[in-house]
Amino acid sequence: MTKLVHRPREDAEFDFILGRSKVPVLAYFTGAWPKAIEPCRVMDVVVGDIAAAYTGRLTAVRTDITRCPAATERYGITGAPSCLLLKEGAAVAHSTGPMTIDEVRKFLDGHL
């Protein structure tokens, strides 16, 4: 995972990152249960590449569902991996399930 992707350890840190960002936030929600582990690992690479490609245009945040339960509930996340694009704290796009880098680019480009 690239250092360009923030990894909050709790909801307060997630909210702090969200509040500081002057650009849209790509919040990528992960889970540690058996069926989610491999798809989340794949998305780690994809989100890292996206964070590098979109430097200055978005803030990427890898959010563990169990560490940030309030954020997970607030945005209605029901599965992992899930991607959520936030502008000024409001969700503008949501996708559940693994995506390729091209799918994430399309997801973002329609909303950035």
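Residues numbered from 1 in each chain as written. Predicted model: local features only at pLDDT ≥ 70, side-chain atom pairs only at ≥ 80, totals over all residues. Heavy atoms only, no water.

Colleague: What is the right way to look at the pairing of strand S2 (residues 25-30) in this model?
Modeller: Burial runs high along S2: six of the six residues are buried. Alternating positions in S2 separate into two faces, Val-25, Ala-27 and Phe-29 on one and Leu-26, Tyr-28 and Thr-30 on the other, with burial throughout. In this structure, S2 lies alongside strand S3 (residues 59-64), joined through six bridges in parallel fashion. Note on S3: the bridge partner recorded for Val-25 is Thr-59. You can see the chain leave S2, run along helix H2 (residues 34-53) and come back into S3, and the turn it takes is right-handed. Strand direction decides the pairing type here: S2 and strand S4 (residues 82-87), joined by five bridges, are antiparallel. Its bridge partner lying in S4, Tyr-28 is registered against Cys-83. (Buried < 20%, exposed > 50% of the residue type's maximum accessible area, 1.4 Å probe, protein only. Helix = DSSP H or I, 4+ residues; strand = E, 2+ residues; numbered from the N terminus. Pairing = 2+ DSSP bridges. Right-handed = clockwise from strand over helix to strand, strands pointing away.)

Colleague: Honestly, helix H1 (residues 11-20) in this entry has me stumped. Any pointers?
Modeller: Looking at H1, one finds that the buried residues are Asp-11, Phe-14, Ile-17 and Leu-18. Projected onto a plane normal to the axis of H1, the buried residues spread over an arc of 125° and lie on a single side. Along H1, the residues that are exposed and aim more than 90 degrees away from the buried face are Ala-12, Phe-16, Gly-19 and Arg-20. On its buried face, H1 is in contact with strand S1 (5-6), S2, S3, helix H3 (69-74) and S4. (Arc of directions from axis to C-beta. Contact = heavy atoms within 4.5 Å.)

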